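# Architecture and fold: a report
Each chain, written out:
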Amino acid sequence: MAMALRTAVAAAAAPRGFRRLFSTTFTPPFNPPSASVAAQQREKAEPSTNLFVSGLSKRTTTEKLHEAFSQFGEVVHAKVVTDRVSGYSKGFGFVRYATLEDAAKGIEGMDGKFLDGWVIFAEYARPRQPPTPPENNMYTPYGHQ
DNA sequence: CCTGAGCGT
């Protein structure tokens with residue numbers, strides 16, 4: 001029995017609806033200004049003395065952060081965020097300058113620079129949640145009467 | 001020890 005092995009034609013049944021998929025007039029991915037409040041989280045925060053520093057090396061400590069940013073202004077407070085359980089740095093931190101001017105100089109001076117072998121990014125930190133909301137309850141922290 | 005976007009115990 002001679003089996004004529006004919007070349008199997010790769011009959012790829014190509015759908016005929018793909019040629020107009022990209023021809024359809026679609027709306028450009030532009031976010032309307034009437035976006036929800038979720039948009040402000042992605043945008044850069046307004047000038048503040050508080051700086052958010054990311055891209056830090058896991059070995060960079062609070063001292064090193066304070067030391068590095070002190071070159072461009074009066075650093076009032078600096079801290080590298082570390083994990084509570086592991087104790088290691090999360091790779092980012094916060095730096096607070098005395099004035100907005102120093103904060104601006106700190107960003108211009110440290111943003112995109114190297115620190116411990118890593119390119120760091122300095123920007124204005126977002127307004128954090130209100131610090132320790134006082135108990136508005138009937139119970140006074142100074143001892144109930 | 002650290003693999004890598006991010007907004008703080």
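My aim in this report is to walk through the structure given alongside it, one point at a time. Every value quoted in this text rests on a predicted model; they were computed, and no experiment measured them. (Residues numbered from 1 in each chain as written. Chains lettered and ligands numbered in written order. Predicted model: local features only at pLDDT ≥ 70, side-chain atom pairs only at ≥ 80, totals over all residues. Heavy atoms only, no water.)

### Comments concerning the overall build of chain A
Threshold: Numbering of helices and strands runs from the N terminus, with a helix taken as a DSSP run of H or I at least four residues long and a strand as a DSSP run of E at least two residues long. Partly exposed residues are those whose accessible area sits between 20% and 50% of the maximum for their type, while under 20% is buried and over 50% is exposed, using a 1.4 Å probe and protein chains only. The criterion used for residue contact is that any of the two residues' heavy atoms lie within 4.5 Å.
Within chain A one finds two helices and six strands. When its helices and strands are written in sequence order, chain A yields β-α-β-β-α-β-β-β. Within chain A, the fraction of its 145 residues that count as buried is 21%. By sequence separation, contacts in chain A at least 24 residues apart represent 63% of the contacts at least 6 residues apart.

### Digging into the sheet that holds strand β3 (residues 89-97)
What counts here: Paired strands, as defined in this entry, are two strands with at least two bridges between them according to DSSP. Think of each axis as a best-fit line through the C-alpha atoms, taken over the contacting stretch in the case of a helix, with angles from 0 to 180 degrees between the N-to-C directions.
Reading across from one edge, β2-β3-β1-β6 is the order of the four strands in this open sheet, with antiparallel pairing throughout. Sheet topology places β2 (75-82) and β6 (121-124) at the edges, where each strand pairs with a single neighbour. Ignoring strand direction, the axes of neighbouring strands in this sheet form an average angle of 20°. For β2 and β3, the ladder comprises six bridges, and the chain directions are antiparallel. When the bridges of β3 are listed, Lys79 appears paired with Phe94. In the packing of helix α1 (residues 62-69) onto the sheet, the strands contacted are β1 (50-54), β2, β3 and β6, and the crossing angle to β2 comes to about 145°.

### Quick notes on the protein's contact with DNA strand B
Stated formally: Being near a molecule or strand, for a residue, comes down to having at least one heavy atom within 4 Å of it. N or O atoms within 3.5 Å of each other form a polar contact, as long as, within protein, one can give a hydrogen and the other can take it, and as long as residues adjacent in sequence are counted only when both atoms are side-chain atoms. Each residue receives one of three labels: charged for Asp, Glu, Lys and Arg, nonpolar for Ala, Val, Leu, Ile, Met, Phe, Trp, Tyr, Cys and Pro, and polar for the others, Gly being one of them.
In the vicinity of DNA strand B, 23 residues are found, and the nearest of them are Asn50, Leu56, Arg84, Tyr88 and Arg128. For DNA strand B, the fraction of atoms within 4 Å of the protein that belong to sugar or phosphate moieties is 27%. Here a sugar or linking oxygen of DNA strand B and a side-chain polar atom of Arg84 are 2.8 Å apart. The side chain of Arg126 places a nitrogen or oxygen atom 3.2 Å from a phosphate oxygen of DNA strand B. Looking at the surface near DNA strand B residue by residue, the class counts come to nine nonpolar, seven polar and seven charged.

### Overview of the nonpolar core
Rule in force here: What makes a nonpolar core is a set of buried Ala, Val, Leu, Ile, Met, Phe, Trp, Tyr and Cys residues whose side-chain atoms join them at distances within 4.5 Å.
If you look at the biggest cluster of nonpolar residues, it comprises 17 residues, and the most contacted ones within it are Val53, Leu65, Phe69 and Val95. For this core, the elements supplying multiple residues, two or more each, are β1, α1, β2, β3 and α2 (100-110). The residues touching Val95, leaving out its near neighbours within four places in the chain, are Thr49, Asn50, Leu51, Val53, Leu65, Phe69, Val75, His77 and Ala78.

### Regarding α2
Buried within α2 we find Asp102, Ala103, Gly106, Ile107, Gly109 and Met110. For α2, the elements touching its buried residues are β1, α1, β3 and β6. One or two positions beyond α2, positive phi appears at Gly112, with a value near 85°.

### Considerations on the pattern of salt bridges
Rules: For salt bridges, the criterion is a side-chain nitrogen of Lys or Arg within 4 Å of an Asp or Glu carboxyl oxygen.
Under the definition given, this model contains two salt bridges. Close ionic contact of Lys64 with Asp116 constitutes a salt bridge, the shortest N to O distance being 2.9 Å. Taken together, the residues Lys64 in helix α1 and Asp116 in the loop between β4 (114-115) and β5 (118-119) connect sequence positions 52 residues apart. Between Asp102 and Lys105 there is a salt bridge whose closest N-O contact spans 3.3 Å. Pair noted here: Asp102 and Lys105 are both in helix α2, with a separation of three residues, about one helical turn. Look at Asp102 and you get buried, because its relative accessible area is 12%. When its relative accessible area of 45% is taken as the criterion, Lys105 is described as partly exposed.

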